[in-house]
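# Structure at a glance
Residues per chain are reported as follows:
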Amino acid sequence: MTDLEASITRIATLESEGMNATIGFDTAAARAQPHADTGPLAGIPLAVKDNIAVRGFGLTCGSRMLGGYRSPFDATAIQRLRDAGACIVAKTNLDEFAMGSSTEHSAFGPVRHPIDPTRVPGGSSGGSAAIVASGAVPAALGSETGGSVRQPAAFCGVVGVKPTYGRVSRYGLVAFGSSLDQIGICADSVSRAGRVLHVISGRDPRDPSTADRDPFVPAAAATSLKGVCIGLPQEYLTDDMDAAVRAGVDRAVARLRDLDATIRDVSLPHTHLAIPTYYVIAPAEASSNLARFDGVRYGLRVDGPDVRGMYRASRGAGFGPEVQRRILIGTYVLSSGYYDAYYRKALIARARIAEDFDRVFRDGVDLLFTPTTPTTAFALGARTTDPVQMYLADVFTAPVNLAGVPALSLPIGRAEGLPVGGQFIAPAFDEERLFAVAEALERMVPATEEVR
Ligand code: GLN
């Protein structure tokens, strides 16, 4: 059986068991996908979050709004994957328009955690993380605006990467918060994630926000971390996190010391502003980006008595409650009476958060190491009635998107059977060190062993 056939069979089994990790899974469409026979990813089956355009597949964004929409084109990242020989087998389930941290905000139903089906896989790229964790594909694309690859990767026990803003083209990624969005990668190992990033990164004339840099080239894993200074931000290591997550981080730090890294306590004093800042900026940008879904240009249309009535009926029926909440918040913080009080202030706070990272990296810290999430995977339904609790799942991931720097989450152990993730954060465009050090730690920590 080819890798592609094995992957299709495995996905079909998972879906028949009710994981719900994919949207519109179709074995015939998967077999009919064009791909090159040679190249660095030849014959490798990959899954793609359903907010990234893949010709020949739907592009629902987990929304009723785009329920029947099919993509007429490939995102740049997809075109590059195909040119490298990869085959796209499935589109993965997500929180509607990538807004959420549990994949419970999908119009197509929640994704189940791959180890414990009573729990969430994290989100919004929950389908991508769950399908990789289940062994159906070695890697899957996701998208990050505030942690949507790293957080589900941590919950599901796989590697999750958020590249530097501008590293990967956003052409064909449905926009959520354009100044924050990046395509990211869930993978079964650090080196696999690196090989995928190598293929999809690099300048794209179709996305003027891509940086004019050569594609990322992975280096060999570091065998010693002598001379590498790793900072531990004290604001990320408070008592707010689960004791088990803390134990996992402590064990990983001990391994970094065994590798001869220099460990230094550092401070990122504006960390507490990240969640409020993110939840002004991301909804502001979303309210503008989602204006295009008006019942005329794409997807669902519900007629009304006049044009305004048609807009209202289409958007009211097409968008779920979390998306509507974001549009309302975003419109509010951008409105003339509140722009200075909220949006302008958030931009100032964002600059402070970015300066925190700049300062520690200028002071000789090469990488930061933190927990990826404060808790392990929570129960289905536990946070759906309390949006703020849901938002707090991203306290350790959202600052990275606000600053535009790259970060990587890797599994560092289990707590009562559930994966714990550790996160490295690097200066902008230093993915080379990020991957080399993460791979060194990956070799040292028993990812599936209990942390205490
Ligand atoms: N959970 C965050 C949100 O709901 C981040 C989402 C993301 O990264 N796409 O906005």
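From a predicted model like this one, the values you see are computed outputs, not experimental measurements.

Around the ligand sit 15 residues in total, of which Gly146, Ser148, Tyr278, Arg326 and Asp394 are the nearest. Here an oxygen atom of the ligand sits 3.2 Å away from a polar atom, N or O, in the side chain of Tyr279. Arg326 has a polar side-chain atom sitting 2.7 Å from an oxygen atom of the ligand. Calculation on the ligand without its partners gives an accessible area of 290 Å², and the protein chains cover 100% of this total. Of the residues that constitute the shell around the ligand, the class distribution is five nonpolar, seven polar and three charged.

Before going further, it helps to examine the packing of helix 8 (residues 274-289) against helix 11 (residues 339-362). Look at helix 8 against helix 11: their axes get within 9 Å of each other, and the N-to-C directions meet at 125°. Here helix 8 lies oblique to helix 11, going by the angle between them. Crossing of helix 8 over helix 11 shows left-handed handedness. Where helix 8 approaches helix 11, its residues Ala274, Thr277, Val280, Ile281, Ala284 and Glu285 are matched on the opposing element by Tyr342, Tyr343, Ala346, Leu347, Ala349, Arg350 and Ile353. The residue inventory of the contact of helix 8 with helix 11, partitioned by class, reads ten nonpolar, one polar and two charged.

Attention shifts here to the nonpolar core. Judged by nonpolar contacts, the single largest core of 64 residues is most densely connected at Leu81, Leu141, Ile200, Ile230, Phe369 and Phe424. Take this core: its biggest share by element is seven residues, from helix 7 (residues 243-258). Counting 52 residues, the second-largest nonpolar core is a separate cluster that includes Ala53, Leu180, Leu268 and Val400.

The side chains of a regular strand alternate, first on one face of the sheet and then on the other. Burial analysis of strand 8 (residues 367-371) places five of its five residues in the buried class, which makes it a mostly covered element. The sheet contact formed by strand 6 (residues 229-233) and strand 8 spans two bridges and is parallel. Paired with Ile230 across the bridge in strand 8 is Leu367. Direction of pairing for strand 8 relative to strand 10 (residues 418-425): antiparallel, over a ladder of four bridges. Along strand 10, the bridge assignment pairs Phe369 with Phe424.

What follows covers the packing of aromatic side chains. The geometry of two aromatic rings is summed up by the distance between their centres and the angle between their planes. A complete count under the given rule lists 16 aromatic pairs for this structure. Relative to Tyr342, the ring of Tyr338 has its centre 6.1 Å away and its plane inclined at 35°; by these criteria the two rings are tilted. Here the aromatic residues Tyr69, Phe97, Phe293, Tyr298 and Phe319 are joined through ring pairs into a cluster of three or more. Its end group placed over the ring of Phe429, Arg213 keeps NZ or CZ at 4.0 Å from the ring centre. Against the face of Phe378 rests Arg383, its NZ or CZ located 4.2 Å from the ring centre.

To continue, consider the sheet that holds strand 6. Spatial strand order, 2-1-3-5-4-9-10-8-6-7: ten strands in an open sheet with mixed pairing. Bordering the open sheet on either side are strand 2 (87-92) and strand 7 (262-266), each of which pairs with just one other strand. Looking at each pair of strands side by side, their axes are set apart by 30° on average, direction ignored. Bridge count for strand 6 against strand 7 is five bridges, and the pairing is parallel. Within strand 7, the residue paired with Cys229 across the bridge is Thr262.

How each quantity is defined
Residues numbered from 1 in each chain as written. Predicted model: local features only at pLDDT ≥ 70, side-chain atom pairs only at ≥ 80, totals over all residues. Heavy atoms only, no water. Near = heavy atom within 4 Å. Polar contact = N/O pair within 3.5 Å; in protein donor to acceptor, adjacent residues only side chain to side chain. Areas by Shrake-Rupley, 256 points an atom, 1.4 Å probe, with all protein chains shown as cover. Nonpolar A, V, L, I, M, F, W, Y, C, P; charged D, E, K, R; others polar. Axes fitted to C-alpha atoms, helices over the stretch in contact; angles between N-to-C directions. Helix = DSSP H or I, 4+ residues; strand = E, 2+ residues; numbered from the N terminus. Parallel < 35°, antiparallel > 145°, perpendicular 65-115°, else oblique. Left-handed = near helix turned anticlockwise from the far one by under 90°. Contact = heavy atoms within 4.5 Å. Core = buried A, V, L, I, M, F, W, Y, C linked by side-chain atoms within 4.5 Å. Buried < 20%, exposed > 50% of the residue type's maximum accessible area, 1.4 Å probe, protein only. Pairing = 2+ DSSP bridges. Phe/Tyr/Trp six-rings, centres within 6.5 Å; stacked < 30°, edge-to-face > 60°. Lys NZ or Arg CZ within 6 Å of the ring centre and 35° of its normal.

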